[in-house]
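# Coordinates in review
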Amino acid sequence: MKKILRFTLLSLIAAAFCACDNDKAYVAPMEVSPNNLAGTWQLAQWNGAPPAEGNYVYIEFIRKDQKYVMYQNYDSFSPRKLTGRFALTTDEELGAIIYGNYDYGAGDWQHRYIVTDLSSTSMVWTAKDDLSDVSLYVRCDGIPESITGGSDNGETEK
């Protein structure tokens, strides 16, 4: 009888631990691929802080031919449209790395970025050569017409 009571008590304790509700369920990150990156992303945080009022970065990844269109105003008063190609590689220790060039060969991105925590709504980029340079991007519906001037953001096929 003691064995049955002991077993029942242990079962109840185990069930109590298993029944604990975790508000934030773990969601496995998505694979970093052109297909999962396709769409428009907006810079939400840079080094832990939101962009200064009026500053923005929007980047649209176009799966076909691994192209991108970026609008940003970090280094100018008016929006700058940058285009080019991006590529992905995998580092055994660091994981997925994204890099690219501007205007189809006019110059390379300043950094190669480690892409982590990719989900359907957000991703984190960390500069491979400067781990203090961390950017959080969130998925958005598109680049606002007030920034693009009503022009097509890029290719229509993603």
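Here goes a summary of the coordinates provided.

Conventions and cut-offs
Residues numbered from 1 in each chain as written. Predicted model: local features only at pLDDT ≥ 70, side-chain atom pairs only at ≥ 80, totals over all residues. Heavy atoms only, no water. Pairing = 2+ DSSP bridges. Helix = DSSP H or I, 4+ residues; strand = E, 2+ residues; numbered from the N terminus. Core = buried A, V, L, I, M, F, W, Y, C linked by side-chain atoms within 4.5 Å. Buried < 20%, exposed > 50% of the residue type's maximum accessible area, 1.4 Å probe, protein only.

Before going further, it helps to spend a moment on the pairing of strand β1 (residues 39–46). Across a regular strand the side chains alternate sides, sitting on one face of the sheet and then on the other. As defined by bridge partners, β1 adjoins strand β2 (residues 57–62) across 4 bridges and the pair is classed as antiparallel. Its bridge partner being in β2, Gln42 is matched across the sheet by Tyr58.

Sheet topology places strand β4 (residues 80–91) next to strand β5 (residues 95–102); 8 bridges connect them, and they run antiparallel. Residue pairing in the sheet places Arg85 in a bridge with Asn101 of β5. Where β5 and strand β7 (residues 113–116) come together, 2 bridges link them in antiparallel fashion. Directly across from Ile97, in β7, lies its bridge partner Ile114. Inspection of the sheet shows β5 paired to strand β6 (residues 107–108) by 2 bridges, in the antiparallel sense. Each bridged residue has a counterpart across the sheet, and for Tyr102 the counterpart in β6 is Gly107.

With that settled, consider the nonpolar core. By size, the foremost hydrophobic cluster in this structure holds 21 residues, and its most contacted members are Leu37, Phe61, Ile98, Met123, Trp125 and Tyr137. When contributions to this core are tallied by element, the ones reaching two or more residues are β1, β2, β3 (67–72), β4, β5, β7 and β8 (122–127). In terms of nonpolar packing, the next biggest core, distinct from the first, is built from 8 residues, Tyr58, Tyr71, Cys140 and Ile143 among them.

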